[in-house]
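# Chains, contacts and geometry: an overview
Chain by chain, the residues run as shown.
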Amino acid sequence: MKIGVLALQGAFREHCWMLEGCGVTAAEIRKPEELDEVKGLIIPGGESTTIGKLMIEWGLMDKIKVRVEQKMAVYGTCAGMILLAKEIKDSSQPRLGIMDIVVRRNAFGRQRESFEADMTVPEFGPESLKAVFIRAPYIEEAGQDVKVMAKVHNKIVIARQNNILVTAFHPELTKDDRIHQYFISMVKNA
Amino acid sequence: MQQGTFRVKAGLAEMLKGGVIMDVTTPEQAKIAEEAGACAVMALERVPADIRAAGGVARMADPTIILNIMEAVTIPVMAKGRIGHFVGAQIIESLGVDYIDESEVLTPADDKYHIDKHQFKVPFVCGAKNLGEALRRIGEGAAMIRTKGEPGTGNVVEAVKHIRMVMSEIRQLQNLPNEEVSAFAKNIAAPLELVMEVKKLGRLPVVNFAAGGIATPADAALMMHLGCDGIFVGSGVFKSGDPVKRAKAIVAATTYYNDPKILAEISRDLGEAMVGIEISTIADHERMQDRGW
């Protein structure tokens, strides 16, 4: 099975390593036609304004929307979560806008407020998960179809709506592959 | 909850990968850079080409300039401090800047020592011409490395020399048997543990960007091919004829560095590039890359 990682800008390399570590083939996606070969897509962390502009300029925005409508599973981390959100507080930046959530950018603060935290995710059992938050967003509001999977400081940081998964933090910067395993099972069942 | 950990510091650099960080001197320029797709901006009083032309002592920017730029954009904002000037760095950190560049572009404030960067919550990026220099900076706490190149020249040759040197030393190290590693570490004056880590990883333990002389999309793509993780553009954008178009083109070139057809397309009709300087015409004492120890 092949899963794509959007490789326009950001930490796509780490997601590829994570997927390969889970026994899945990872493909870097920079052009629309490359999406035809993958069963799922990860939109990595990076700068959401940069990735959004490049997605439009190089014809990926519409193609990704169509594929997700056709049930392709997609997972967005940090910037990826911002790009998937229907509403971004105080911003009109380009986005896919396909998940029924309201996100706030840099919501925990600037870099000096960036942090690591241990949290429990009921879905993944009792063992805590180390999460790395870097100028991270959080979900301010989630629609009815959105399943909230975890909170940190009482803010939503993992959520799922059908074939769309988002995290406000970066599991790809740790050794814990439970979120990637979870996403891979979403891709398999899509 | 832990803040200011090395993972968090190096993590922001990981997020900047594959992107372009642009020098800006005004909020207007910062907005142009953000609009063009920059993944971060470097807030400065003057771009390196103007610092070079002005001569004298180049100091950190007025906090007002930095704060106004932070106000203008949502992307990360970096600022430069003088080598060894830890009080300057404390001032910059207190402003809430996202990254500090302990930079040879400014006049060094200490002729022997760099800043102890472990003492800060804000991450640091430092320049390096070779593996030893890169690992000494990482040993001092730098969470990101960049080539030094020769800033403000619009001439990529020195940045090429520096990334080639780092990559070739890494390849050399990987081929050494373990018993020869400590002598290698001694020769390049780098901490042994970091040398061992590089040998294991086959790369630097932190992100390594290109900087110092990048003026065209082709320059950016060349540096990516040679193994850089992303690009700093100093004078190259706002000293050119059409900053908006050139900035966008350099952003695209950093993503599509492996596609000559796309590079040809985005390199068309960019207007005048910045005026370049041949390195051999720069007097030894004016070479910024020789600053830092």
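Structure report, in brief. (Residues numbered from 1 in each chain as written. Chains lettered and ligands numbered in written order. Predicted model: local features only at pLDDT ≥ 70, side-chain atom pairs only at ≥ 80, totals over all residues. Heavy atoms only, no water.)

### Some words on the overall build of chain A
Keep this limit in mind: Helix numbering and strand numbering both begin at the N terminus, where a helix is a DSSP run of H or I of at least 4 residues and a strand a DSSP run of E of at least 2. The buried label goes to any residue with under 20% of its type's maximum accessible area, the exposed label to any with over 50%, and the partly exposed label to all in between, with areas taken from a 1.4 Å probe on protein chains only. The contact definition used throughout considers only heavy atoms, calling two residues in contact when any of these lie within 4.5 Å. Only the protein chains shown count as cover for residues, and all accessible areas are computed by the Shrake-Rupley method using a 1.4 Å probe. In this charge count, Lys and Arg are treated as positive and Asp and Glu as negative; neither His nor the chain ends contribute. Charge placement uses NZ in Lys and CZ in Arg. For Asp and Glu, CG and CD serve respectively.
Check the secondary structure of chain A and you find five helices and twelve strands. C-alpha extents for chain A along the principal axes are approximately 40 × 40 × 30 Å. With 190 residues in all, chain A has 63% of them scored as buried. Contacts in chain A between residues far apart in sequence, at least 24 positions, make up 65% of those at least 6 positions apart. Accessible surface for chain A amounts to roughly 7,200 Å². Of this, 44% is attributable to carbon and sulfur atoms. Both charge centroids of chain A, one from 26 positive and one from 25 negative side chains, sit 2 Å from each other.

### Structural notes on the sheet that holds strand β7 (residues 144-147) of chain B
Residues and elements named next belong to chain B. What counts is decided by this rule: The pairing criterion for strands is at least two bridges between them, as found by DSSP. A fitted line through C-alpha atoms serves as each axis, taken over the contacting stretch for helices, and the angle formed by two N-to-C directions is quoted from 0 to 180°.
If you trace the eight strands from one edge of the open sheet to the other, you get β8-β7-β6-β5-β4-β3-β2-β9, paired in parallel fashion. Because the sheet does not close on itself, it has two edges, and the strands there are β8 (207-209) and β9 (231-233). Taking each pair of neighbouring strands and ignoring which way they run, the sheet shows an average axis angle of 30°. As defined by bridge partners, strand β2 (residues 20-24) adjoins strand β3 (residues 40-43) across four bridges and the pair is classed as parallel.

### Observations concerning empty space enclosed by the protein
Spelled out, the test is: Both cavities and pockets are sets of points on a 1 Å grid over the protein atoms alone; in a cavity a 1.4 Å probe fits but cannot get out, in a pocket the set is open with protein on both sides within 12 Å along at least five of seven lines, and lining residues sit with an atom within 4 Å of a point. Grid points are joined across faces, edges and corners, and a volume is the space filled by probe spheres set on the points. Here the term charged refers only to Asp, Glu, Lys and Arg, the term nonpolar to Ala, Val, Leu, Ile, Met, Phe, Trp, Tyr, Cys and Pro, and the term polar to all other amino acids, Gly among them.
Overall, the coordinates contain three cavities of 30 Å³ or more when judged by the stated rule. Empty space within the largest cavity amounts to approximately 190 Å³. Those elements that place two or more of their residues in the lining of the largest cavity are β9 and α11 (235-238) of chain B. Across the lining of the largest cavity, the residue classes break down as nine nonpolar, eight polar and six charged. Lining the second largest cavity we find 14 residues, and of these Gly-46, Glu-47, Cys-78, Ile-134 and Arg-135 of chain A sit closest to its centre. When residues of the lining of the second largest cavity are traced back to their parent elements, those giving at least two are α4 (79-84) of chain A together with α1 (6-16) of chain B.

### Examining the nonpolar core
Counted only if it meets this: Within this scheme, the nonpolar core is defined by two criteria: the residues are buried Ala, Val, Leu, Ile, Met, Phe, Trp, Tyr or Cys, and they are joined through side-chain atoms within 4.5 Å.
By size, the foremost hydrophobic cluster in this structure holds 125 residues, and its most contacted members are Leu-6, Met-55, Met-119, Phe-133 and Ile-158 of chain A together with Met-223 of chain B. In this view, Leu-6 of chain A contacts Phe-12, Ile-29, Leu-41, Ile-42, Ile-43, Pro-44, Ile-51, Met-55, Leu-60 and Ile-64 of chain A; residues no more than four positions away in its chain are not counted. With 24 residues, the next largest nonpolar core counts Ala-11 of chain A together with Cys-39, Met-42 and Leu-44 of chain B among its residues.

### Focus on the packing of helix α6 (residues 131-139) of chain B against helix α9 (residues 192-201) of chain B
All names here are of chain B. Spelled out, the test is: Each helix crossing is assigned a hand: it is left-handed if the near helix lies turned anticlockwise from the far helix by less than a right angle, otherwise right-handed if that turn is clockwise.
In contact at an axis separation of 10 Å, α6 and α9 are set at 115° when each is read in the N-to-C sense. Our pair here, α6 against α9, has a crossing hand that is right-handed. Judged by residue contacts, Leu-131, Leu-135, Ile-138 and Gly-139 of α6 engage Leu-194, Val-195 and Val-198 from α9. Of the residues in the contact of α6 with α9, the class split is six nonpolar, one polar and no charged.

### Comments concerning the layout of surface pockets
Taken as a whole, the largest pocket holds about 740 Å³ of empty space. As for the largest pocket, its lining consists of 25 residues, of which Glu-172, Leu-173 and Lys-175 of chain A together with Glu-14 and Arg-203 of chain B are closest to the centre. Of all the secondary structure elements, the ones that give two or more residues to the lining of the largest pocket are α1 (12-21) of chain A together with α1 and α9 of chain B. Considering only residue class, the lining of the largest pocket consists of eleven nonpolar, five polar and nine charged. Size it by volume and the second largest pocket reaches roughly 270 Å³. Split into classes, the residues belonging to the lining of the second largest pocket amount to six nonpolar, five polar and five charged.

### Thoughts on the packing of aromatic side chains
All names here are of chain A. Which entries qualify depends on this criterion: Between rings of Phe, Tyr and Trp, where Trp is taken as its six-membered ring, a pair exists when centres lie within 6.5 Å; planes separated by under 30 degrees are stacked, by over 60 edge-to-face, and by other angles tilted.
Taken as a whole and judged by the stated rule, the model has ten aromatic pairs over all chains. Aromatic side chains Tyr-75 and Phe-183 sit 5.6 Å apart centroid to centroid with 45° between the ring planes, which places their arrangement in the tilted category. In this pair, Tyr-75 sits in strand β4 (residues 73-77) while Phe-183 sits in helix α5 (residues 178-189), placing the two residues 108 residues apart along the sequence. Classification of Tyr-75 by relative accessible area gives buried; the value is 0%. Taking relative accessible area as the criterion, Phe-183 reaches 0% and is therefore assigned buried. A connected cluster of aromatic rings, assembled from ring pairs, spans Phe-108, Phe-115, Phe-133, Tyr-138 and Phe-169.

### Focus on the pattern of salt bridges
Two side chains of opposite charge can pair, provided their charged atoms sit close to one another. Residues and elements named next belong to chain B. This is how the line gets drawn: Every case where a carboxyl oxygen of Asp or Glu lies within 4 Å of a side-chain nitrogen of Lys or Arg is listed as a salt bridge.
In the structure shown here, the tally under the stated rule is 35 salt bridges over all chains. Between Arg-146 and Asp-101 there is a salt bridge, and its shortest N-O distance comes to 2.9 Å. With Arg-146 in strand β7 and Asp-101 in strand β5 (residues 99-103), this pair connects stretches of sequence that are 45 residues apart. Accessibility expressed as a relative area gives 0% for Asp-101, which makes it buried. For Lys-117, the salt bridge identified is with Glu-102, shortest N-O distance 2.7 Å. Residue Lys-117 is found in the loop between β5 and β6 (124-128), and its partner Glu-102 is found in strand β5; the two are separated by 15 residues along the sequence. For Glu-102, a relative accessible area of 2% gives the class buried.

### Observations concerning the environment of Thr-5 of chain B
Along the chain, the position of Thr-5 of chain B falls in the loop between β1 (2-3) and α1. Taking C-alpha positions, Thr-5 of chain B is 7.5 Å from Lys-121 of chain B, a pair spaced 116 residues apart along the chain.

### Description of the interface of chain B and chain A
How we decide: Accessible surface is computed with a 1.4 Å probe, and the buried area is the amount of it that two parts give up when combined, taken over both parts together. Polar contact is defined as a pair of N or O atoms within 3.5 Å, subject to the rule that within protein one atom must be able to donate a hydrogen and the other to accept it, and that residues adjacent in sequence are counted only when both atoms are side-chain atoms.
Across the contact, 43 residues belong to chain B and 38 residues belong to chain A. Summing both partners gives a buried area of about 3,400 Å² for chain B against chain A, and 53% of it is carried by carbon and sulfur. The largest share of the area that chain B buries against chain A comes from Arg-7, Met-15 and Tyr-256 of chain B, three residues that together contribute 22% of it. Seen at the junction of chain B and chain A, the total is eight salt bridges. Where chain B touches chain A, the interface holds 27 residue pairs in polar contact (both at pLDDT 80 or more). Broken down by secondary-structure element, the contributors of at least two residues to the side of chain B that touches chain A are β1, α1, α2 (27-36), α5 (86-95), α12 (243-255) and α13 (260-266) of chain B. Tallying contributions element by element places α1 of chain B first for the side of chain B that touches chain A, with eight residues. By residue class, the composition of the side of chain B that touches chain A is 18 nonpolar, twelve polar and 13 charged. Note that strand β7 (residues 115-119) of chain A and β1 of chain B share two bridges and pair antiparallel. Its bridge partner lying in β1 of chain B, Glu-116 of chain A is registered against Gln-2 of chain B.

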